[in-house]
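Descriptive structure summary
The residues making up each chain are set out below.
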Amino acid sequence: MEMAIAGVGKWLGSENPGTKPPAQLLPSRVRARVSILTCALAEALQRAVDFQKITTEPSATVFASAFGETGPLLSLLEQALSPEGEVSPLMFMYSVHNNASGCLSIARGDQGFTTSIAAGEETFLSALFECYGLLKDGWDSVTLILGDEAPPHFFVPAEQRFESMAVALHLVNCSPSGPRRALPRIRLHTRPEENCGKVPAPPNSLVNHPCVCAYQTACLLEASQSGTLRLAAWGPWLIDVLPPLD
C-alpha cells in the first residue's frame, strides 16, 4: 500500500510549555474552551496546509488519537463525584472523542467526509488503513490528523508518561507522471525490517507516546530522508518513507 505526501506538519508540547498551541484555525472563543489536544491537532493541520506542495480537490479528514479527550473527561468525572454532583454540559460537549473533528470541520466550513479513530498503540496504523481505503474509494486526497496530549499525572505511572504531540499528513494517490511524481511517498508492508535501525530515535519525551511512529515519519518527511519504521510495538506492519519518483 503506497501513498504520496503532499503536506506534513507536527507540533510538540515543549514548543508551548504550560500553554495551548496557537491553533489559529479555531475561533478564539472555541480555542479558549477546548483541550490542548484539539488545539494541537489544529496547529499540526495548519502547518501541513502551509507546507502543502500541490493543489488538491476537497479532502476527506481522518482524526486519530489513542486516548482522545482524556483531560476534559476526567474533569467531568471529578465534577460528577464532587459533593455538588453538577456536571458542565459545555465541558461534556468538548470531551467526546470526535471533538477535534467537529470543531475543525465547523471552523473550516468543511462539509466533506470526516471520521475519528482510536486504536491504542495501533492508532497510526489503523488511521493509515482508513486513509488508504478512502483514496481507493475515490477521494482525491485525505488529511490525517493525529496525536495525544500528555496524560494527567494520576492517569499513568511516571515511567510511562509522555509529552503532548500532534502530526498532520496530507495524503494523495501516487502517480507515475505529473506533479505528484515529485512528492515523497510512504509504503505500508509486512516484509522483514531490514532498515529500521537506521532511523533516528525519537526524543526521550516521546518514547512512550502511542503515536510516536507518526512523529518519526513526519521528521523524515520534513528532512527529505528515507527510512523504515515499525508501526506498532507488536505485529508485522512496517512503514517505508521513500523519496519522490523523480
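My aim in this report is to walk through the structure given alongside it, one point at a time. Bear in mind the structure is a predicted one, so any value in this text is a computation, not a measurement. (Residues numbered from 1 in each chain as written. Predicted model: local features only at pLDDT ≥ 70, side-chain atom pairs only at ≥ 80, totals over all residues. Heavy atoms only, no water.)

This part covers the pairing of strand β5 (residues 165-172). The buried fraction of β5 amounts to eight of the eight residues, a majority that puts the element mostly inside the structure. Along β5, one buried face is formed by M165, V167, L169 and L171 and the opposite face, lined by A166, A168, H170 and V172, is buried too. Alignment of strand β1 (residues 2-12) against β5, held across eight bridges, turns out to be antiparallel. For G7, the partnering residue across the bridge sits in β5 and is H170. As paired strands, strand β4 (residues 141-148) and β5 are joined by eight bridges and run antiparallel to one another. Directly across from L146, in β5, lies its bridge partner V167. (Buried < 20%, exposed > 50% of the residue type's maximum accessible area, 1.4 Å probe, protein only. Helix = DSSP H or I, 4+ residues; strand = E, 2+ residues; numbered from the N terminus. Pairing = 2+ DSSP bridges.)

This part covers the state of the cysteines. For the coordinates displayed, the defined rule picks out zero disulfides. Not part of a disulfide, C39 finds its nearest cysteine sulfur in C103, a span of 9.1 Å. (Disulfide = S-S within 2.5 Å.)

Attention now moves to the packing of aromatic side chains. Pairs of aromatic rings are described using the distance from one ring centre to the other and the angle between the two planes. Counting across every chain of the model gives two aromatic pairs. Note on F67 and F162: the rings are 6.3 Å apart at their centroids and 15 degrees apart in plane angle, and the pair reads as stacked. Pair noted here: F67 is in the loop between β2 (60-64) and α3 (70-81) and F162 is in the loop between β4 and β5, with a separation of 95 residues, a long-range link. The class for F67 is partly exposed, based on a relative accessible area of 39%. Measuring from centroid to centroid gives 5.0 Å for F129 and W237, while their planes differ by 80 degrees, and the two rings are edge-to-face. With a gap of 108 residues between them, F129 in helix α6 (residues 123-136) and W237 in the loop between β7 (227-230) and β8 (238-242) connect regions that are remote in the sequence. (Phe/Tyr/Trp six-rings, centres within 6.5 Å; stacked < 30°, edge-to-face > 60°.)

This part is about the pattern of salt bridges. By the definition in use, this model includes eight salt bridges. A salt bridge links E2 to R185; its shortest N-O distance comes to 2.8 Å. Here R185 lies in strand β6 (residues 185-189) and E2 lies in strand β1, a separation of 183 residues in the sequence. Accessibility expressed as a relative area gives 25% for E2, which makes it partly exposed. (Salt bridge = Lys/Arg side-chain N within 4 Å of Asp/Glu carboxyl O.)

What follows covers the environment of P17. With respect to the helices and strands, P17 occurs in the loop between β1 and α1 (28-33). As for P17 and S164, which are separated by 147 residues in sequence, their C-alpha atoms are 9.8 Å apart.

So, on to the pairing of β1. Within β1, ten of the eleven residues are buried, which leaves it mostly tucked inside the rest of the structure. Taken together, the three bridges between β1 and β6 define a ladder with antiparallel strand orientation. Bridge pairing in β6 places M3 opposite I186.

Once that is clear, we can look at helix α5 (residues 99-108). Looking at α5, one finds that the buried residues are N99, A100, S101, C103, L104 and S105. Following α5 by one or two positions, G109 adopts a phi angle in the positive range, close to 65 degrees.

Before going further, it helps to examine the side chain of N99. Among the secondary structure elements, N99 is positioned in helix α5. Classification of N99 by relative accessible area gives buried; the value is 4%. With near-sequence residues (within four places) excluded, N99 lies in contact with V34, T38, E69, M93 and Y94. (Contact = heavy atoms within 4.5 Å.)

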